[in-house]
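Summary of structural features
One-letter residues, chain by chain:
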Amino acid sequence: MPNHPPPAVDAIDRAMLELLAEDARITNQRLAERVGVAPSTALARLRALRARGVIRGYHAKLDLAALGRPLQALIAVRLAVHAREQIDAFTETVRGLTGVVMVFHLAGVTDYLVWVAAADAQELRDFVVDHLATHPAVAHAETSLIYEHSRGPGIWGAAEPA
């Protein structure tokens, strides 16, 4: 992994990022008002933040239960072998599976945490058996059900939790 210094973010950029983290649909006009700059300045700053890779995308917060997937779990996965080919193949496979919300590749005892949303316990069981427990690269998979999850206050500790 390249060791790049973090992009410079001043107080106005930070305020804009905090507001966007709260509501990515905020209008440019409202964003500019809230941080005390002209709309053209806010737009230029947003474009610069995107160009520098500070803002990588905008996402909708979905209600998975309303979409028929009320059961969520984090599945801790340990690989049997840590060869680059197996790591890459497992990562590619698991990222493409239906029901996978997010995949975390970790250092430590657990190699991956896989966040899964399922319709019910049987679908979750089938996911684990069909895609993890029987995968040739997987040595161990442990499932933890998620009762609730919420966002924290952000990296600066100032943004309102979503």
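Please refer to the structure higher up on the page.
What you are looking at is a predicted structure, and each value in this text was computed from that prediction instead of being measured. (Residues numbered from 1 in each chain as written. Predicted model: local features only at pLDDT ≥ 70, side-chain atom pairs only at ≥ 80, totals over all residues. Heavy atoms only, no water.)

**Observations regarding the environment of Glu-18**
Applied cut-off: By definition, any uninterrupted DSSP run of H or I lasting at least four residues is a helix, any uninterrupted run of E lasting at least two residues is a strand, and each is numbered from the N terminus.
For Glu-18, the location among the structural elements is in helix α1 (residues 11-22). Placed 136 residues apart in sequence, Glu-18 and Gly-154 show a C-alpha to C-alpha distance of 7.7 Å.

**A word on the environment of Asp-88**
What counts is decided by this rule: Burial here depends on accessible area, computed with a 1.4 Å probe over protein chains only, as a share of the maximum for the residue type. Under 20% is buried, over 50% is exposed, and the range in between is partly exposed.
Position of Asp-88 relative to the elements: it lies in helix α4 (residues 84-95). Exposure remark for Asp-88: the relative accessible area of 39% places this residue in the partly exposed category. It is 15 Å that separates the C-alpha atoms of Asp-88 and Ala-107, two residues lying 19 residues apart in sequence.

**Digging into the pattern of salt bridges**
Note the cut-off: Every case where a carboxyl oxygen of Asp or Glu lies within 4 Å of a side-chain nitrogen of Lys or Arg is listed as a salt bridge.
As enumerated under the stated definition, the model contains seven salt bridges in all. The salt bridge involving Arg-30 is made with Glu-33; its shortest N-O contact spans 3.5 Å. One end of the pair, Arg-30, and the other, Glu-33, are both in helix α2 (residues 28-35), three residues apart, so they sit about a helical turn from each other. The partner of Glu-123 in a salt bridge is Arg-69, and the shortest N-O contact between them spans 2.7 Å. With Glu-123 in helix α5 (residues 121-133) and Arg-69 in the loop between α3 (39-51) and β1 (71-79), this residue pair connects regions lying 54 residues apart in the sequence. Judged by its relative accessible area of 30%, Glu-123 falls in the partly exposed class. What emerges from the salt-bridge pattern is a single network uniting Asp-10, Asp-13 and Arg-45.

**Overview of the pairing of β1**
The test is simple: For two strands to be treated as a pair, DSSP must find no fewer than two bridges joining them.
Both β1 and strand β3 (residues 112-118) contribute to a ladder of seven bridges, which runs antiparallel. Bridged to Val-77 within β3 is Tyr-112. As paired strands, β1 and strand β4 (residues 138-146) are joined by eight bridges and run antiparallel to one another. When the sheet's bridge partners are listed, Ala-76 is paired in β4 with Glu-142.

**Examining the nonpolar core**
Condition: Here, the term nonpolar core denotes a set of buried Ala, Val, Leu, Ile, Met, Phe, Trp, Tyr and Cys residues that are joined through side-chain atoms within 4.5 Å. What makes two residues a contact is simply this: any of their non-hydrogen atoms within 4.5 Å.
The biggest cluster of nonpolar side chains holds 19 residues, and the ones touching the most others in it are Ile-75, Val-77, Leu-79, Phe-90, Val-114 and Phe-127. Looking at this core, the elements with two or more residues in it are β1, α4, β3 and α5. If near-sequence neighbours (up to four positions away) are discounted, Val-77 is found in contact with Phe-90, Thr-110, Asp-111, Tyr-112, Val-114, Leu-132, Val-138 and His-140. Within the second largest apolar cluster, 13 residues are counted, among which are Leu-19, Leu-20, Ala-32 and Leu-49.

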